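# What the coordinates show
Read off the chains here:
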Amino acid sequence: MTSEELKSNIEKALDEIRPFLQSDGGDIKLISIDNDKLVKVQLEGNCVGCSVNQMTLKSGVEMTIKKHAPQIEEVINVS
């Protein structure tokens, strides 16, 4: 998978989860993909400072990204 295909797949994953975040007043933005293994995202809106944002990040965002791009090892939120 090329870097462009990887980015496209990750964007598809974010588009899949975005409606759930937006329904709670939040959103998510792709910041970077490092070494084709680490995805950095930024949670926005109500997701910032939310008490369950780490659970959302790991069980929602990371799982969805890995479904679309299995070589991704970790997803982290940067502020």
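Check the entry above for the structure.
Computed from a predicted model, the values in this text were never measured in an experiment.

## A look at the overall build of the protein
- Of the regular secondary structure elements, the protein holds two helices and three strands.
- From first element to last, N terminus to C terminus, the protein shows the α and β order α-β-β-α-β.
- Expressed as lengths along the three principal axes of its C-alpha atoms, the size of the protein is roughly 35 × 20 × 20 Å.
- For the protein, with 79 residues in total, the buried portion stands at 32%.
- Summed over all atoms, the accessible surface of the protein reaches about 4700 Å², with 51% contributed by carbon and sulfur.

## Brief notes about the nonpolar core
- Counting 18 residues, the largest nonpolar core has Ile10, Val39, Val61, Ile65, Ile72 and Val75 as the members making the most contacts within it.
- Sorting elements by how many residues they give to this core places helix H1 (residues 3-23) first, with six residues.

## Re the layout of surface pockets
- Computed from the structure, the largest pocket encloses a volume of approximately 200 Å³.
- If you go around the largest pocket, you meet 13 residues; those closest to its centre are Phe20, Leu21, Asp24, Cys47 and Thr56.
- Those elements that provide at least two residues to the lining of the largest pocket are H1 and helix H2 (53-68).
- Ranked by the residues each element gives to the lining of the largest pocket, the list is headed by H2, at four residues.

Definitions and cut-offs
Residues numbered from 1 in each chain as written. Predicted model: local features only at pLDDT ≥ 70, side-chain atom pairs only at ≥ 80, totals over all residues. Heavy atoms only, no water. Helix = DSSP H or I, 4+ residues; strand = E, 2+ residues; numbered from the N terminus. Buried < 20%, exposed > 50% of the residue type's maximum accessible area, 1.4 Å probe, protein only. Areas by Shrake-Rupley, 256 points an atom, 1.4 Å probe, with all protein chains shown as cover. Core = buried A, V, L, I, M, F, W, Y, C linked by side-chain atoms within 4.5 Å. 1 Å grid on protein atoms, 1.4 Å probe; cavity = no way out; pocket = protein on both sides within 12 Å on 5 of 7 lines; lining within 4 Å. Points joined across faces, edges and corners; volume = space filled by probe spheres on them.

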